[in-house]
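Structure assessment
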Amino acid sequence: MTWKNHKLVSIAIAYAIGLPLEGIAVVAIGSIIPDFIEFVFKMKHRGVSHFWGIYALLFLFATYHAFQQPIAGLIIKWTSLGCLLHLFEDAMSKAGIPMFPGTFKRIKLGLLYKTKYPSEAIVALAIIVLCGLVKAIKIYLHTDTWQPTVLFWNVINCQPPLPYGRGLHRKV
Ligand SMILES: [Zn+2]
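Please read these numbers as outputs of a predicted model, since none were measured by experiment.

Positive phi outside glycine occurs at Leu111, with the angle close to 50 degrees. Structurally, the position occupied by Leu111 is in the loop between β2 (106-107) and α6 (118-140). Accessibility expressed as a C-beta count within 10 Å gives 13 for Leu111, which makes it partly exposed. Phi is positive for Lys116, close to 70 degrees, though the residue is something other than glycine. Topologically, Lys116 is positioned in the loop between β2 and α6.

Written as structure tokens, this is what we have:
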């Protein structure tokens, strides 16, 4: 995926899951870091810089308050989330991302597009539309939960909109 599409898709996902504005901005920066590292250090295309384990570890570390500084923790959490979204987006391409560095095994989610082909724009647009839809449902239901099962249950039960924060699902 091009850097522009990585940013657009990651911003849409961050918005749909309910991150604050500053979180969305940090995620947008994080969403080009795996390619940026590759570019700066002239590394193999989608090699070690695209190994999910590094960013997953950072994300879990920051999420579980391993950092003394809450702001630093948040920045690391959002940055690593942006990196993970980048990998998720690359994994949907035909080339995929490495399962483990140094092996030929790749993670391929759906083989949906080829980078810089029209299929990339279609996939990016489809994800952005889907995120808009999720956000619209959340606004309608007055909930900020991003759990798909909870959203699905609310929709099929036609749960009426509740005042913000007074419903079953509090702001996360
Ligand atoms: Zn990439």
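Looking at the secondary structure, you find Cys83 in helix α5 (residues 70-91). Sequence separation between Cys83 and Ala56 is 27 residues, and the spatial gap between their C-alpha atoms is 9.0 Å. If we ignore the near neighbours within four places in the chain, the residues touching Cys83 are Gly30, Ile33, Pro34 and Tyr55.

Looking now at the nonpolar core. Ala12, Ile13, Val27, Leu81, Leu84 and Leu87 are the most contacted members of the largest nonpolar core, which has 26 residues in total. Mapped onto this core, the elements with two or more residues apiece are α1 (3-16), α2 (21-30), α4 (52-63), α5 and α6. Counting residues per element, this core draws most heavily on α5, which supplies 8 residues.

Turning next to α4. In this model, α4 (12 residues) spans 16 Å end to end at C-alpha, consistent with the 16 Å of a helix rising 1.5 Å per residue. By the burial criterion, the buried members of α4 are Tyr55, Phe59 and Ala62. Buried residues of α4, viewed axially, fall in a sector of 70 degrees; they line one side. More than 90 degrees from the buried face of α4, the exposed residues found are Gly53, Leu57 and Leu60. Lining the buried residues of α4 we find α5.

We now examine the packing of α1 against α2. Here α1 crosses α2 at 150 degrees, and the two axes come no closer than 9 Å. With respect to each other, α1 and α2 are oriented roughly antiparallel. Pair α1 / α2 crosses with right-handed handedness. Here Lys7, Ser10, Ile11, Ala14 and Tyr15 of α1 lie close against α2, whose contacting residues are Gly23, Ile24, Val27 and Ala28. The class makeup of the residues in the contact of α1 with α2 is 6 nonpolar, 2 polar and 1 charged.

The subject of this paragraph is the confidence of the model for the chain. With 80% of its residues at a pLDDT of at least 70, the chain reaches an overall mean of 86. Within the model, the stretch residues 161-172 combines pLDDT values under 50 with 18 contacts to residues more than four positions away or in other chains.

Our next topic: α2. By the burial criterion, the buried members of α2 are Val26, Val27 and Gly30. One side of α2 holds all its buried residues, which, seen down the axis, span an arc of 105 degrees. Lining the buried residues of α2 we find α1, α3 (33-40) and α5.

The next thing to look at is the packing of α1 against α5. Where α1 contacts α5, the axes come no closer than 10 Å and their chain directions differ by 115 degrees. For the pair α1 and α5, the sense of crossing is right-handed. Within the contact between the two elements, α1 uses His6, Val9, Ser10 and Ile13 and α5 uses Gly82, Leu85, His86 and Glu89. For the contact of α1 with α5, the residue count by class is 3 nonpolar, 4 polar and 1 charged.

Looking now at the environment of Met1. Note on placement: Met1 falls in the segment before α1. For the pair Met1 and Glu89, spaced 88 residues apart in the sequence, the C-alpha separation amounts to 7.2 Å. When near neighbours in sequence (up to four residues on either side) are disregarded, Met1 contacts His6, Glu89, Asp90, Ser93, Thr115 and Glu120.

Definitions and cut-offs
Residues numbered from 1 in each chain as written. Predicted model: local features only at pLDDT ≥ 70, side-chain atom pairs only at ≥ 80, totals over all residues. Helix = DSSP H or I, 4+ residues; strand = E, 2+ residues; numbered from the N terminus. Buried ≥ 20, exposed ≤ 12 C-beta atoms within 10 Å, placed from the backbone. Contact = placed C-beta atoms within 7 Å. Core = buried A, V, L, I, M, F, W, Y, C linked by C-beta atoms within 7 Å. Expected span 1.5 Å × (residues − 1). Arc of directions from axis to C-beta. Axes fitted to C-alpha atoms, helices over the stretch in contact; angles between N-to-C directions. Parallel < 35°, antiparallel > 145°, perpendicular 65-115°, else oblique. Left-handed = near helix turned anticlockwise from the far one by under 90°. Nonpolar A, V, L, I, M, F, W, Y, C, P; charged D, E, K, R; others polar. pLDDT = per-residue confidence, 0-100.

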